[in-house]
Amino acid sequence: MVSETLREITASLDNGQYRIVSTLKEGRLYLAEKAGKRFVLKTAEGARGLELLKREYEIALRLQHPFIASAIGWEESTPIGPAIVIEYIRGRNLSAFLQEKPSIQARRRIFAQLLEAVGAMHRQSIIHNDIKPENILITEADNDVKLIDFGFADTDAHILDRGLGGTRQYASPELLAQLKTDARSDIYSIGRLIRDIFPGRYGRIVRKCCQGNPDKRYRNIDALKAAWVHRRRPIWIALFLLIFALAFGITYLFNMRIKSKQAVPEINDKTDSVQVESPVEKTQKPEAQPASASRRAKPSSSSNSSTVLSRAEAMLRRAWEDSFNRVCEEMDQAGYREFLPIHVDYGTYEIDPVFRQVTFGLSAEELQAITSLNEALNLDYSQRLYAKYGKLPSLYDKSIGLPEDELKYYRNLAASFQKFSPFSKK
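Reading the values: rules and limits
- Residues numbered from 1 in each chain as written.
- Predicted model: local features only at pLDDT ≥ 70, side-chain atom pairs only at ≥ 80, totals over all residues.
- Heavy atoms only, no water.
- Helix = DSSP H or I, 4+ residues; strand = E, 2+ residues; numbered from the N terminus.
- Buried < 20%, exposed > 50% of the residue type's maximum accessible area, 1.4 Å probe, protein only.
- Contact = heavy atoms within 4.5 Å.
- Pairing = 2+ DSSP bridges.
- Axes fitted to C-alpha atoms, helices over the stretch in contact; angles between N-to-C directions.
- Parallel < 35°, antiparallel > 145°, perpendicular 65-115°, else oblique.
- Nonpolar A, V, L, I, M, F, W, Y, C, P; charged D, E, K, R; others polar.
- Salt bridge = Lys/Arg side-chain N within 4 Å of Asp/Glu carboxyl O.
- Core = buried A, V, L, I, M, F, W, Y, C linked by side-chain atoms within 4.5 Å.
- Left-handed = near helix turned anticlockwise from the far one by under 90°.
- Arc of directions from axis to C-beta.
- Polar contact = N/O pair within 3.5 Å; in protein donor to acceptor, adjacent residues only side chain to side chain.
- Phe/Tyr/Trp six-rings, centres within 6.5 Å; stacked < 30°, edge-to-face > 60°.

K.L.:
Would you take a moment to explain the overall build of the protein chain for this structure?
P.N.:
The helix and strand tally for the protein chain stands at 15 helices and 10 strands. Here the protein chain holds 426 residues, and 39% of them are scored as buried. In the protein chain, the share of contacts with a sequence separation of at least 24, taken over all contacts with a separation of at least 6, comes to 65%.

This is the structure:
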């Protein structure tokens, strides 16, 4: 249902014709004026186009949300024919907004609003299927999100009956394959947007959103929102564990010091208090071992150090191998190749916690040895990935026939990463 505010706006319009001010997009969107107010008119060509336009209007009419552009009504008679009347939003799209270099707080704010908008759609059983920077407007007045364009949206009431929708750079694998989509398809697109909005940040969330297999992504927007809210929790847990370990170590050393002091017998210099042991008592007491014998009974410190170092090396090697296998599995299951440098970086996300764990409490010499090993394993990991997949993306194992200009775009983008790939392909 249209909100009362929008009904009042619609009722205030006179019976005159809309006046077209300018063309906004591909001859389908027009900026128009009527009764001194500005609107956006969206039209389509042909009987099939008109049918899809009415379908889009029915979907958009259900979405009344502060972060979603509102459909005000349907007009049969306009200078461009039948059209959807959409509220006019003064602002710029997400790409233009990011070019303004907004603060991290501003970016987090608009991303939270985007999650709210998509969540509201999904609660209405509506999948957008074309979430990309061009369809996310940021208002000029308040820098609020307005999600637009539901031409490729799906609902339970509208079965897929159209060509391929979405934009390839942000479209999920199932959308590119023209399979049935659900909320996880939009979540894939949001994962791509996180890379644009927060370059180099939140890799763990991005990886889960952009899994090739939908079952491995967040199951819905609520799960993604929970991960976003607690995105820094692992750091705080690690910090808490570190503080706890330090406190435990200090307490342990303090207690050992107290016990060592208590173990030293007090010397009584009064001659009348000296007690002489009887021969029987002396024979019953076990003979004290020489200090050298007790030292030989304990493992040497060098032996302990060797054991600790070997265990740390084994854990680190296993972690790098697991990371390599996991990245290869994700790339193979997705059916297409991401740019290699991104996957090379994945290893650091997986290995850093393991490295911190195995190096805790090591001596300076041991730490240097483990650090050198970690650098060697990192280099080997990168070389193996590069040898297997190369620096250029294999744009889908099943050919999707990308246009030449899009192939050129991907090749140029891949070439820009060349400096991060210094290995010859085997």
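K.L.:
Quick question: what am I supposed to make of the sheet that holds strand β9 (residues 145-147) here?
P.N.:
By way of backbone hydrogen bonds, the strands of a sheet pair with one another, either parallel or antiparallel. As summarised here, the arrangement of the three strands in space is β6-β8-β9, forming an open sheet in which the pairing is antiparallel. Only two strands of the sheet have a single neighbouring strand rather than two, namely β6 (91-93) and β9. Taking each pair of neighbouring strands and ignoring which way they run, the sheet shows an average axis angle of 30 degrees. Two elements, strand β8 (residues 136-139) and β9, share three bridges in a ladder whose sense is antiparallel. Pairing of Ile-136 across the sheet is with Leu-147, part of β9. Of the strands in this sheet, β8 and β9 touch helix α4 (residues 104-123), which is tilted by about 35 degrees from β9.

K.L.:
Help me understand the packing of α4 against helix α6 (residues 183-197), please; the structure alone is not making it clear to me.
P.N.:
Remark: α4 packs on α6, axes separated minimally by 12 Å, with the N-to-C direction vectors making an angle of 170 degrees. Considered as vectors, α4 and α6 are oriented roughly antiparallel to each other. In this structure, α4 uses Arg-107, Ile-110, Phe-111, Leu-114, Leu-115, Val-118 and His-122 to contact α6, whose residues at the interface are Ala-183, Asp-186, Ile-190, Leu-193, Ile-194 and Ile-197. Across the contact of α4 with α6, the residue classes break down as 10 nonpolar, one polar and two charged.

K.L.:
When you look at the pattern of salt bridges in this model, what are you seeing that I'm missing?
P.N.:
Side-chain pairs of opposite charge can arise where the charged atoms are in close proximity. If you walk through the whole model with that rule in mind, you get 15 salt bridges. The shortest N-O distance in the salt bridge between Glu-33 and Arg-38 comes to 3.1 Å. Under the relative-accessibility criterion, Arg-38 is labelled partly exposed at 34%. With a closest N to O distance of 2.7 Å, Asp-215 and Arg-184 form a salt bridge. Linking Asp-215 in the loop between α7 (203-209) and α8 (221-229) with Arg-184 in helix α6, this pair joins segments that are 31 residues apart in sequence. Because the salt bridges share partners, they merge into one network encompassing Arg-19, Glu-33 and Arg-38.

K.L.:
In this structure, what is going on with the environment of Pro-102? I would like to understand it.
P.N.:
Mapped onto the elements of the fold, Pro-102 is located in the loop between α3 (94-99) and α4. Note: C-alpha distance between Pro-102 and Ile-197 (95 residues apart in sequence) is 9.7 Å. Among residues more than four places away in sequence, those in contact with Pro-102 are Phe-97 and Arg-107.

K.L.:
Would you explain the nonpolar core in this entry?
P.N.:
Nonpolar side chains tend to gather and get buried jointly when the protein is soluble and globular. Counting residues in hydrophobic clusters, the biggest one holds 54 residues, and the most contacted among them are Phe-111, Ile-136, Ile-190 and Leu-224. When near neighbours in sequence (up to four residues on either side) are disregarded, Ile-190 contacts Phe-111, Leu-115, Val-118, Ile-131, Ile-221 and Leu-224. Core analysis: the second largest hydrophobic core is formed by 18 residues, Phe-324, Val-327, Phe-355 and Tyr-381 among them.

K.L.:
Just to check I follow, could you spell out the pairing of strand β3 (residues 37-42) for this structure?
P.N.:
A regular strand places its side chains on the two faces of the sheet in alternate fashion. Bridging between strand β2 (residues 29-34) and β3 involves six bridges; their strand directions are antiparallel. By the bridge assignment for β3, Glu-33 is matched with Arg-38. Judged from the four bridges that link them, β3 and strand β5 (residues 83-87) form a sheet pairing that is antiparallel. Of the residues in β5, the one forming a bridge with Phe-39 is Glu-87.

K.L.:
Any chance you could explain the packing of α4 against α8 here in plain terms?
P.N.:
Angle between the axes and distance between the axes: these two values describe a pair of packed helices. Viewed as axis vectors pointing N to C, α4 and α8 meet at an angle of 160 degrees, and their least axial separation amounts to 10 Å. Put simply, α4 runs roughly antiparallel to α8. Here α4 and α8 pass one another in a crossing that is left-handed. Between α4 and α8, the contacting residues are Arg-108, Phe-111, Leu-115, Glu-116, Val-118, Gly-119 and His-122 on the first element and Ile-221, Leu-224, Lys-225 and Trp-228 on the second.

K.L.:
In this structure, what is going on with α8? I would like to understand it.
P.N.:
Three- or four-residue spacings in an α-helix give side chains the same orientation, since the helix completes a turn every 3.6 residues. Listing the buried residues of α8 in full gives Ile-221, Ala-223, Leu-224, Ala-227 and Trp-228. With its buried residues spanning 160 degrees around the axis, α8 presents them on a single face. Turned more than 90 degrees off the buried face of α8, the exposed positions are Asp-222 and Val-229. The elements touched by buried residues of α8 are α4, α6 and α7. Capping of α8 at its N-terminal end is provided by Asn-220; its side-chain oxygen lies 3.2 Å from the backbone amide nitrogen of Asp-222.

K.L.:
So what exactly am I meant to see when it comes to the packing of aromatic side chains here?
P.N.:
Any aromatic ring pair is given by two values, namely how distant the centres are and how the planes are angled relative to each other. Within the structure shown, the criterion is met by nine aromatic pairs. Residues Tyr-202 and Trp-228 carry aromatic rings whose centres are separated by 4.9 Å and whose planes lie at 75 degrees to one another, so their mutual orientation is edge-to-face. With Tyr-202 in the loop between α6 and α7 and Trp-228 in helix α8, the pair connects residues that are 26 residues apart, well separated along the chain. Centre to centre, the rings of Phe-324 and Tyr-381 are 6.4 Å apart; their planes meet at 80 degrees, and the pair counts as edge-to-face.

K.L.:
Explain the side chain of Arg-92 to me, please; I cannot follow it from the model alone.
P.N.:
With respect to the helices and strands, the residue Arg-92 is situated in strand β6. Note on Arg-92: relative accessible area 18%, which makes it buried. Of note is the side chain of Arg-92, whose polar atom sits 2.9 Å from the side chain of Glu-100. Residues within four places of Arg-92 in sequence aside, it is in contact with Phe-97, Glu-100, Ile-136, Leu-137, Ile-138, Thr-139, Glu-140 and Asn-143.

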